[in-house]
There are 2 protein chains.
Amino acid sequence: MSEPRWLDATQQRDWRAYVDGSVRLTEIMDRDLKAKHGLSVSEYEILVRLSEAPERRLRMAELAANASQSRSRLSHTCSRLESKGLVRRDSCPSDKRGVIAVLTAEGFAALERAARDHVETVRNHFIDVIEPDDLEAIGRAFTAVLKKMTGGA
Amino acid sequence: MSEPRWLDATQQRDWRAYVDGSVRLTEIMDRDLKAKHGLSVSEYEILVRLSEAPERRLRMAELAANASQSRSRLSHTCSRLESKGLVRRDSCPSDKRGVIAVLTAEGFAALERAARDHVETVRNHFIDVIEPDDLEAIGRAFTAVLKKMTGGA
DNA sequence: GCAAACTAGTTGAAGCTTCAACTTTTATCG
DNA sequence: CGATAAAAGTTGAAGCTTCAACTAGTTTGC
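The structure contained in this document is the topic of the report that follows. (Residues numbered from 1 in each chain as written. Chains lettered and ligands numbered in written order. Predicted model: local features only at pLDDT ≥ 70, side-chain atom pairs only at ≥ 80, totals over all residues. Heavy atoms only, no water.)

## Concerning the overall build of chain A
Right, so step 1: Helix and strand counts for chain A stand at 6 helices and 3 strands.
Right, so step 2: Listing the helices and strands of chain A from first to last along the sequence gives α-α-β-α-α-β-β-α-α.
Right, so step 3: Along the first, second and third principal axes, the C-alpha atoms of chain A reach 55 × 40 × 25 Å.
Right, so step 4: Taking all 153 residues of chain A together, the buried fraction comes to 48%.
Right, so step 5: For chain A, contacts bridging at least 24 residues in sequence account for 49% of all contacts bridging at least 6.
Right, so step 6: With an accessible surface of roughly 8,000 Å², chain A has 50% of that area assigned to carbon and sulfur atoms.
Right, so step 7: If you average the places of the 25 positive and of the 24 negative side-chain charges in chain A, the two averages end up 7 Å apart. (Helix = DSSP H or I, 4+ residues; strand = E, 2+ residues; numbered from the N terminus. Buried < 20%, exposed > 50% of the residue type's maximum accessible area, 1.4 Å probe, protein only. Contact = heavy atoms within 4.5 Å. Areas by Shrake-Rupley, 256 points an atom, 1.4 Å probe, with all protein chains shown as cover. Lys, Arg positive; Asp, Glu negative; His and termini not counted. Charge placed at Lys NZ, Arg CZ, Asp CG, Glu CD.)

## Topic: the relation of the copies chain A and chain B
Right, so step 1: Once chain A has been moved 0.0 Å along the axis and rotated by 180°, it coincides with chain B to within an RMSD of 0.0 Å. Both copies are brought into coincidence by an operation consistent with a two-fold rotation axis.
Right, so step 2: Interface residue correspondence from chain A to chain B reaches 100%, placing this contact among same-surface, isologous pairings. (Least-squares fit on C-alpha atoms with pLDDT ≥ 70 in both.)

## Description of the sheet that holds strand E2 (residues 87-91) of chain A
All names here are of chain A.
Right, so step 1: On the basis of which strands lie adjacent, the open sheet formed by 3 strands has the order E1-E3-E2 and antiparallel pairing. Each of the sheet's edge strands pairs with one partner strand only, and the pair in question is strand E1 (57-59) and E2. Neighbour to neighbour, the strand axes of the sheet diverge by 30° on average, direction disregarded.
Right, so step 2: The sheet contact formed by E1 and strand E3 (residues 99-103) spans 3 bridges and is antiparallel. Following the sheet pairing, Arg 59 is matched in E3 by Ile 100. (Pairing = 2+ DSSP bridges. Axes fitted to C-alpha atoms, helices over the stretch in contact; angles between N-to-C directions.)

## Brief notes about the protein's contact with DNA strand C
Right, so step 1: DNA strand C sits among 21 residues. The nearest are Ala 61, Arg 71, Ser 75 and Arg 97 of chain A together with Ser 72 of chain B.
Right, so step 2: Each atom of DNA strand C within 4 Å of the protein belongs either to a base or to sugar and phosphate, the latter forming 71%.
Right, so step 3: Between DNA strand C and the protein, one listed contact pairs a phosphate oxygen with a side-chain N or O atom of Arg 59 of chain A at 3.0 Å.
Right, so step 4: Arg 97 of chain B places a side-chain nitrogen or oxygen 3.3 Å from a base oxygen of DNA strand C.
Right, so step 5: Looking at the surface near DNA strand C, the elements with two or more residues in it are helix H3 (60-66) and helix H4 (71-83) of chain A together with helix H4 (71-83) of chain B.
Right, so step 6: Broken down by element, the surface near DNA strand C gets its largest block of residues, 5 residues, from H4 of chain B.
Right, so step 7: Partitioning the surface near DNA strand C into residue classes produces 3 nonpolar, 8 polar and 10 charged. (Near = heavy atom within 4 Å. Polar contact = N/O pair within 3.5 Å; in protein donor to acceptor, adjacent residues only side chain to side chain. Nonpolar A, V, L, I, M, F, W, Y, C, P; charged D, E, K, R; others polar.)

## Let's talk about the interface of chain A and chain B
Right, so step 1: Tallying the contact residues gives 61 residues for chain A and 61 residues for chain B.
Right, so step 2: Counting the surface lost from both chain A and chain B, the interface buries some 5,700 Å², and carbon and sulfur atoms represent 63% of this.
Right, so step 3: Where chain A packs against chain B, one counts 12 salt bridges.
Right, so step 4: A salt bridge links Asp 20 of chain A to Arg 49 of chain B, with the shortest nitrogen-to-oxygen separation between them at 3.1 Å.
Right, so step 5: At the surface where chain A touches chain B, the tally comes to 22 residue pairs in polar contact (both at pLDDT 80 or more).
Right, so step 6: At the level of elements, helix H1 (9-37), helix H2 (41-52), H3, helix H5 (105-125) and helix H6 (132-150) of chain A are the ones that each hand at least two residues to the side of chain A that touches chain B.
Right, so step 7: Residues of the side of chain A that touches chain B, tallied by class, amount to 30 nonpolar, 12 polar and 19 charged. (Buried area = accessible area lost by both parts, 1.4 Å probe. Salt bridge = Lys/Arg side-chain N within 4 Å of Asp/Glu carboxyl O.)

## Points about the protein's contact with DNA strand D
Right, so step 1: In the neighbourhood of DNA strand D, 21 residues make up the surrounding shell, with Ser 72 of chain A together with Arg 59, Ala 61, Arg 71 and Ser 75 of chain B lying closest.
Right, so step 2: When atoms of DNA strand D within 4 Å of the protein are split into backbone and base, the sugar-phosphate part holds 69%.
Right, so step 3: One nitrogen or oxygen atom from the side chain of Arg 73 of chain A is found 2.9 Å from a phosphate oxygen belonging to DNA strand D.
Right, so step 4: His 76 of chain A is positioned such that a nitrogen or oxygen atom in its side chain is 3.2 Å from a base oxygen of DNA strand D.
Right, so step 5: Per element, the largest residue contribution to the surface near DNA strand D is 5 residues, and it comes from H4 of chain A.

## Re the pairing of E3 of chain A
All names here are of chain A.
Right, so step 1: Most of E3 is tucked away, with 4 of its 5 residues classed as buried.
Right, so step 2: Examined bridge by bridge, E2 and E3 share 5 bridges and lie antiparallel to one another. Looking at E3, one finds that Asp 90 is bridged to Ile 100.

Quick look at the structure:
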């Protein structure tokens, strides 16, 4: 096997900053949401995606894709949310295999409450700490990353 | 409580791109390292930090801080690495409470092998996908995030 | 119209992380 | 000095994620 194309010093520095920063960032988001609202980040994400869907309902597979979770993980997470009363499962009329996750009124209320605090945390540790130009660069960069992954290319 | 300072459309877009992208990115890194080398990302990180330390040894607390892991998590991870023969635990002469994690020769070899593949994955999905200027912006941004978190301010 | 292949979703076990409790040693300070 | 507090690590249980196996329904192709 040929010699790998190692990162140069600058690339290494930038990559590391990202890795460390993002680990710490998600840790904070998680701790914060859990402490104030008893939700994990992945539960929160599910609620967000559902809240944005038409009629606040989505097929499991689509929800999983939206939230970048595996189907299995979504199943478990959904069960937890269901037992908290934040989500309900309906059966799908057009496909008997299908299951539709529905955000309950209670779930929507919980999300509204959580979002108020969450946005503050996101601002304090991310948005307001970063130069607007750099934030745009981040958006561009990660959009490209996502496109590369999902779009195939 | 006052009305939260919601993100505007652009901020929201950028933040989401980052969240989704980073989730997918770590998932790939993890799957890749695990499949080819039987290492999780957090195990890999431990090996990296140790390999860069003088004499490839570090106090547990320092290692935990370097790798952004909790002490407890490091303890468990270290036990796993130890049972794989990649890390050894020495006692600390100056502080009888202390434990020093040492990278074994085998551990260093495993790291070298893993790093060759890992750098390729990092390039394919991140470095080579992003404009150099945007990469620099990421470095700047996440350095600021880290500074805000650890530096206090 | 039926068998083979595929898709949707769930389940339980195994693995990893988090949390709180605990032991041992060191630092603080009256 | 001696007591109290604080720090270093570990441990086990509980919680979440991953993985592989499974059920059930749908599609394909002959």
